[in-house]
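Coordinate inspection notes
Here are the chains, one letter per residue:
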Number of protein chains: 2
Amino acid sequence: MVMRQPLHNRIRSDFEAWILSGRMKPGDRLPIEQDLMLEYRCSRMTVNKALSALATAGLIERRKRAGTFVARPRTHSMVLDVPDLAAEIRARNQTYAYKTLARSVRVPHRDNEEERLLAGGRLLVQLDGLHLADGQPLAVEYRLVSVRAVPEIVDVTFGDNPPGTWLLQHIPWTEAETRISAVSATATIARLLTQPVGTPCLKIERRTWRRTERITQVQQIFHGAAYDLVARFGHGTTAITGTSVNP
Amino acid sequence: MVMRQPLHNRIRSDFEAWILSGRMKPGDRLPIEQDLMLEYRCSRMTVNKALSALATAGLIERRKRAGTFVARPRTHSMVLDVPDLAAEIRARNQTYAYKTLARSVRVPHRDNEEERLLAGGRLLVQLDGLHLADGQPLAVEYRLVSVRAVPEIVDVTFGDNPPGTWLLQHIPWTEAETRISAVSATATIARLLTQPVGTPCLKIERRTWRRTERITQVQQIFHGAAYDLVARFGHGTTAITGTSVNP
DNA sequence: CAGTGGTCTAGACCACTGA
DNA sequence: CAGTGGTCTAGACCACTGA
């Protein structure tokens, strides 16, 4: 028998289709594993693998003794691709460039709790720069990296690559927090982005951890009219994501 | 033997810890399943379940004949909880209210391609409203719902609930696209949010599909200083998400 | 207390692909 | 062509919990 598609995938996509098409509605009960074994002429492990995957994806809920049910449409839990700006811009056939504005090794500011937590009693590397697409300023970046968490950072030469790309490729992380807000361009930001003061800008702040240890924190300020954050979402593993830079 | 924790979970978290702690680095090879069977004194299915989960989470890569390897830290693929505003605000112990500004059934605008695609040759329901936290305007919402995809929408009474909450709970979706940008408050927006004209605002646009059929599209404009979109991220299933309304 | 899912075993055959 | 993972079987015991 040719295994064009694994049987557990067929079972999975059958129910996926029935649920998403509305033929099976939230609260509806699925057959028990024993019945599905007979229907698909397979072992229980195969049925279980298919239904476990659907449960992980949040499409169904499984309760012992009670059975398996179509889940309520969940709160929109979605996959967002937080951009590696360089890759995003190049994917749009624009030239990408990163210009370093400042690079220094320093102690955390005494009155800045966030910086002190990031430093963890040691030093910080400050890396400020400008992201450009097709030569036009797109975003200002202010980044701090913990020397304690990333000792190599002191000596790394990034060349034309932004430090974010290097970090993404070399430093494993376990947790991150991203905060997105809208701000007005200050005088400094406006000058760097070559926009009028007061231009609405998208501010993205991100902090990254490995376990409990802080790795880096970054503030990126995008020219609002030139940049949108776009995320495309699907259930579970079907998610497709992306970002977009406006023309 | 008491099954405090399933064995496949122990195997999984062992490698998770070694990878995330940096003890195992990207490109490092994991033992083959046969060896792990011996090490953990279990069957191959148990080992396979653990490693398959890690592969799904993106922490490892599996290649036939070649073996299993620690994956390069991935582009930041993350889970974002797009807020059910009502729930978010109540979770912060603020009172939530939704005020309907307009509700009508209408044809799509002839020159608006998006509206025509959403309507699919039939009618649209327009639902405009204002989200309030502790009585203060937080966001203006402009929503369109396809009558073709959601016939019930014509007769539903939402009461004090926003239509988004009702849709989330009743209509299964398969895909969504969210676009986040920064804009200046127009005169109308400024009046509704009781802010000065030109205040930076966060604009969230979302379109939702079931398979290829469009369900709804919505534009939410948040008072920038009062609202941040926050997302907390972890690898795979460990993701914790949330949003925050500034005090 | 009995039905249901969670986990596990000890095999098996096979597809894929790199040495 | 041989090593590795992908899939599957036909059982088994058990934890949980709702009828």
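The rules behind these values
- Residues numbered from 1 in each chain as written.
- Chains lettered and ligands numbered in written order.
- Predicted model: local features only at pLDDT ≥ 70, side-chain atom pairs only at ≥ 80, totals over all residues.
- Heavy atoms only, no water.
- Helix = DSSP H or I, 4+ residues; strand = E, 2+ residues; numbered from the N terminus.
- Buried < 20%, exposed > 50% of the residue type's maximum accessible area, 1.4 Å probe, protein only.
- Contact = heavy atoms within 4.5 Å.
- Areas by Shrake-Rupley, 256 points an atom, 1.4 Å probe, with all protein chains shown as cover.
- Core = buried A, V, L, I, M, F, W, Y, C linked by side-chain atoms within 4.5 Å.
- Patch = residues over 30% accessible without salt bridge, like charges linked within 9 Å, V, L, I, M, F, W, Y side chains within 5 Å.
- Salt bridge = Lys/Arg side-chain N within 4 Å of Asp/Glu carboxyl O.
- Near = heavy atom within 4 Å.
- Polar contact = N/O pair within 3.5 Å; in protein donor to acceptor, adjacent residues only side chain to side chain.
- Pairing = 2+ DSSP bridges.
- Phe/Tyr/Trp six-rings, centres within 6.5 Å; stacked < 30°, edge-to-face > 60°.
- Domains from an automatic or database assignment.
- Axes fitted to C-alpha atoms, helices over the stretch in contact; angles between N-to-C directions.
- pLDDT = per-residue confidence, 0-100.
- Parallel < 35°, antiparallel > 145°, perpendicular 65-115°, else oblique.
- Nonpolar A, V, L, I, M, F, W, Y, C, P; charged D, E, K, R; others polar.

**Digging into the overall build of chain A**
- If you tally the helices and strands in chain A, you get 7 helices and 12 strands.
- For chain A, with 247 residues in total, the buried portion stands at 51%.
- In chain A, the share of contacts with a sequence separation of at least 24, taken over all contacts with a separation of at least 6, comes to 57%.
- In the form shown here, chain A has an accessible surface area of approximately 12,200 Å², with 51% of it arising from carbon and sulfur atoms.

**Structural notes on the nonpolar core**
- Of all hydrophobic cores here, the largest spans 32 residues; its most connected members are L202 of chain A together with L202 of chain B.
- Here L202 of chain A is in contact with I180, S181, Q220, I221, F222, G224, Y227 and L229 of chain A together with I180, S181, A182 and L202 of chain B, once residues within four sequence places are set aside.

**Quick notes on a nonpolar patch on the surface**
- On the surface, a nonpolar cluster with roughly 310 Å² of combined accessible area is contributed by V105, V107, L123 and V154 of chain A.
- Within the element layout of this structure, V105 of chain A appears in strand β5 (residues 96-106).

**Let's talk about the protein's contact with DNA strand C**
- Contacts to DNA strand C come from 26 residues, most closely from R44 and R65 of chain A together with L7, S43 and R65 of chain B.
- Counting only atoms of DNA strand C within 4 Å of the protein, the fraction found in sugar and phosphate groups is 58%.
- One of the side-chain nitrogen or oxygen atoms of R44 of chain A is found 2.6 Å away from a base nitrogen of DNA strand C.
- Breaking the surface near DNA strand C down by element, the ones donating at least two residues are α3 (44-56), β2 (60-63) and β3 (67-70) of chain A together with α1 (7-20) and α3 (44-56) of chain B.

**Considering the pairing of strand β6 (residues 124-133) of chain B**
Residue and element names in this part refer to chain B.
- Burial within β6 is extensive, with 10 of its 10 residues counted as buried.
- Of the two faces of β6, the one lined by L124, Q126, D128, L130 and L132 and the one lined by V125, L127, G129, H131 and A133 are each fully buried.
- Bridge count for strand β5 (residues 96-106) against β6 is 10 bridges, and the pairing is antiparallel. Following the sheet pairing, T100 is matched in β6 by G129.
- Relative to strand β7 (residues 136-146), β6 runs antiparallel, the two being bridged by 10 bridges. Directly across from D128, in β7, lies its bridge partner Y142.

**Some thoughts on the sheet that holds strand β1 (residues 29-30) of chain B**
Residues and elements named next belong to chain B.
- The 3 strands lie next to each other as β1-β3-β2, forming an open sheet whose pairing is antiparallel. A single partner strand is all that each edge strand has here, and the edge strands are β1 and β2 (60-63).
- Strand direction decides the pairing type here: β2 and strand β3 (residues 67-70), joined by 4 bridges, are antiparallel. Residue pairing across strands places I60 opposite V70, the latter belonging to β3.

**A closer look at the environment of S52 of chain B**
- Of note, S52 of chain B is situated in helix α3.
- Considered as a pair, S52 of chain B and M24 of chain B are 28 residues apart in the sequence and their alpha carbons are 18 Å apart.

**Looking at the packing of aromatic side chains**
- According to the stated counting rule, one finds 4 aromatic pairs over all chains in the structure shown.
- For the ring pair F158 of chain A and W166 of chain A, a centre distance of 6.1 Å and an interplane angle of 75° mean the geometry is edge-to-face.
- Residue class for F158 of chain A comes out buried when judged on its relative accessible area of 12%.
- Considering the side-chain rings of F15 of chain B and W18 of chain B, the 5.0 Å spacing of their centres and the 85° angle between planes classify their relative orientation as edge-to-face. Here the residue F15 of chain B and the residue W18 of chain B both occupy positions in helix α1, the gap between them amounting to 3 residues, near one helical turn.
- Overall, the relative accessible area of 3% leaves F15 of chain B in the buried class.

**Brief notes about the pattern of salt bridges**
- One pass over the structure, following the stated rule, counts 25 salt bridges over all chains.
- Residue E115 of chain B is joined to R106 of chain B by a salt bridge in which the shortest nitrogen-to-oxygen separation is 3.0 Å.
- Its relative accessible area of 6% is what places E115 of chain B among the buried residues.
- Classification of R106 of chain B by relative accessible area gives buried; the value is 16%.
- The network of salt bridges with shared partners includes E114, E177, R179, R207 and R214 of chain A.

**Observations concerning the domain arrangement of chain A**
- Looking at the assigned domains, one finds that chain A contains domain 1 (7-70) and domain 2 (75-230).
- One C-alpha centre belongs to domain 1 of chain A, the other to domain 2 of chain A, and the line joining them spans 43 Å.

**A short note on the sheet that holds β2 of chain A**
All names here are of chain A.
- Strand order in the open sheet formed by 3 strands is β1-β3-β2, and the pairing between neighbours is antiparallel. Two strands lie at the open edges of the sheet, namely β1 (29-30) and β2, each paired on one side alone.
- Packed on one face of the sheet, α3 meets β1 and β2 and runs near 115° to β2.

**Considerations on the confidence of the model for chain A**
- Summary statistics for chain A give a mean pLDDT of 85 and a share of 87% for residues scoring 70 or more.
- Low confidence marks residues 236-247 of chain A, where pLDDT is under 50. Its contacts with residues over four positions away, or in another chain, come to 38 contacts.

**What to know about the protein's contact with DNA strand D**
- Contacts to DNA strand D come from 26 residues, most closely from L7, S43 and R65 of chain A together with R44 and R65 of chain B.
- Near-protein atoms of DNA strand D (within 4 Å) split between backbone and bases, with sugar and phosphate holding 58%.
- Contact between DNA strand D and S43 of chain A: a phosphate oxygen at 2.6 Å from a main-chain N or O atom of the residue.
- When contributions to the surface near DNA strand D are tallied by element, the ones reaching two or more residues are α1 (7-20) and α3 of chain A together with α3, β2 and β3 of chain B.
- Ranked by residues supplied to the surface near DNA strand D, first place goes to α3 of chain A with 4 residues.

**What about the packing of helix α2 (residues 33-40) of chain A against α3 of chain A?**
Residues and elements named next belong to chain A.
- Between α2 and α3, whose axes approach to 9 Å, the crossing angle comes to 110°. Between α2 and α3, the angle falls in the class roughly perpendicular. Each of E33, Q34, L36 and M37 in α2 lies in contact with α3, whose residues at this interface are R44, V47, N48 and L51.
- By residue class, the composition of the contact of α2 with α3 is 4 nonpolar, 2 polar and 2 charged.

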